[in-house]
Amino acid sequence: MKKILLLTIISVSSVFGGLIHPPDGSELNYIHVKFRWGLEDGINEYQFQLTNESEALLIDSLVTDTFLIITNEIEWLSIYHWRVYPVNGDWSSLYSFST
């Protein structure tokens, strides 16, 4: 009887957890927004950017957590885009939402 040794290699990589809230394409019924994104191993700082429909940069902020609460820049009946850059990583996808 032959003995077969199966070797399984598991690759563990540090992958950015991605954007969580607000979801892409969502319509919000509030204008004080808590933005949330996934944790990336070994990353302590994230660059957060928020733009309006005209692509004007409203917020460009260095954040040391996986969330940011915005209370002043978001207005009703508007479209916004947001993304996060884990410092020393790659930019997230660009998400949009409307109010």
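Up top is the structure.
Residues numbered from 1 in each chain as written. Predicted model: local features only at pLDDT ≥ 70, side-chain atom pairs only at ≥ 80, totals over all residues. Heavy atoms only, no water.

**Observations regarding the pairing of strand S4 (residues 46-52)**
For S4, a buried count of six out of seven residues is recorded, marking the element as mostly surrounded by other parts of the structure. Bridge count between S4 and strand S5 (residues 57-63): six bridges; the pairing is antiparallel. Across the sheet, Gln 47 pairs through a bridge with Leu 62, a residue of S5. Taking the residues between adjacent antiparallel strands as the criterion, S4 and S5 are bridged by four residues, where Glu 55 takes a positive phi near 70°. (Buried < 20%, exposed > 50% of the residue type's maximum accessible area, 1.4 Å probe, protein only. Helix = DSSP H or I, 4+ residues; strand = E, 2+ residues; numbered from the N terminus. Pairing = 2+ DSSP bridges.)

**Structural notes on the nonpolar core**
Generally speaking, a soluble globular protein has its nonpolar side chains buried in company with each other. Formed by 18 residues in total, the largest nonpolar core has its most connected members in Phe 35, Trp 37, Phe 48, Leu 50, Ile 74, Trp 82 and Phe 97. When sequence neighbours within four positions are dropped, the list of residues in contact with Phe 48 reads Phe 35, Trp 37, Ile 59, Asp 60, Ser 61, Val 63, Leu 68, Trp 82, Arg 83 and Val 84. (Core = buried A, V, L, I, M, F, W, Y, C linked by side-chain atoms within 4.5 Å. Contact = heavy atoms within 4.5 Å.)

**Details of the sheet that holds strand S3 (residues 33-37)**
Within a beta sheet, neighbouring strands are joined by backbone hydrogen bonds and run either parallel or antiparallel to one another. The sheet built from three strands is open, its strands ordered S1-S3-S6 with antiparallel pairing. Either end of the sheet is taken by a strand with one partner, and the two such strands are strand S1 (19-21) and strand S6 (67-70). Direction aside, neighbouring strands of the sheet carry axes that sit 25° apart on average. Relative to S3, S1 runs antiparallel, the two sharing two bridges. What sits directly across from His 21, in S3, is Arg 36. (Axes fitted to C-alpha atoms, helices over the stretch in contact; angles between N-to-C directions.)

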